[in-house]
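Structural overview
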Amino acid sequence: MREQTCPKCGSPDIIPNVVIPDHYELGMANEMIMRISENPSAWIFKGTQKSTMRAWICGECGFVEMYVTQPRVLWEAWQKAQQQSPGD
Ligand SMILES: [Zn+2]
């Protein structure tokens, strides 16, 4: 949907980069966050990386597509997690 046309119905009526509210504190909406831990089995220093998420909404059929804003940060954290071997 980053091409600005809906992958479902082909409509060009796309609402881009919409903030996805997660929870509210003091009347303020906090953005939904995706978290990936570099070392999920660690007790404390998990090296958790975070990225906010944004939605692209089709104004014709209502299809919603979501993206993290910093995919490389999460990918690198996930790759580090794969290098951990819990058995050692
Ligand atoms: Zn659509």
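Now for a description of the structure that goes with this document. (Residues numbered from 1 in each chain as written. Predicted model: local features only at pLDDT ≥ 70, side-chain atom pairs only at ≥ 80, totals over all residues.)

The number of helices and strands found in the chain is 1 helix and 6 strands. In sequence order, the chain lays out its α and β elements as β-β-β-β-β-β-α. The globule rule puts the C-alpha radius of gyration for 88 residues at 12 Å, and the 17 Å found for the chain is more than 25% above it. If you line up the chain on its principal axes, its C-alpha atoms span 55 × 35 × 15 Å. (Helix = DSSP H or I, 4+ residues; strand = E, 2+ residues; numbered from the N terminus. Rg over C-alpha atoms; globule rule 2.2 N^0.38 Å.)

Assignment of secondary structure puts valine 64 in strand E6 (residues 64–68). Note on valine 64: 12 C-beta atoms within 10 Å, which makes it exposed. As for valine 64 and glutamate 25, which are separated by 39 residues in sequence, their C-alpha atoms are 25 Å apart. Excluding anything up to four places from it in sequence, valine 64 contacts Ala55 and Ile57. (Buried ≥ 20, exposed ≤ 12 C-beta atoms within 10 Å, placed from the backbone. Contact = placed C-beta atoms within 7 Å.)

A positive phi angle is found at asparagine 17, which is not glycine, with a value near 55 degrees. Counting through the fold element by element, asparagine 17 comes out in strand E1 (residues 14–19).

Looking now at the pairing of E6. Pairing analysis gives 5 bridges linking strand E5 (residues 48–58) to E6, with the strands arranged antiparallel. Note on E6: the bridge partner recorded for arginine 54 is tyrosine 67. Hairpin remark: E5 followed by E6, antiparallel, with 5 residues in the connecting loop; positive phi at glycine 62, about 90 degrees. (Pairing = 2+ DSSP bridges.)

Moving on, we get to the environment of glycine 10. In this structure, glycine 10 sits in the segment before E1. In this structure the C-alpha to C-alpha distance between glycine 10 and glutamate 60, which are 50 residues apart in sequence, comes to 9.1 Å.

Here we take up the environment of lysine 46. Structurally, lysine 46 can be placed in the loop between strand E4 (33–37) and E5. Here lysine 46 falls in the partly exposed class, since 16 other C-beta atoms lie within 10 Å of it. The sequence separation of lysine 46 and isoleucine 36 amounts to 10 residues, and the corresponding C-alpha distance is 9.2 Å. Those residues in contact with lysine 46 that sit more than four places away from it in its chain are Ser37, Glu38, Asn39 and Pro40.

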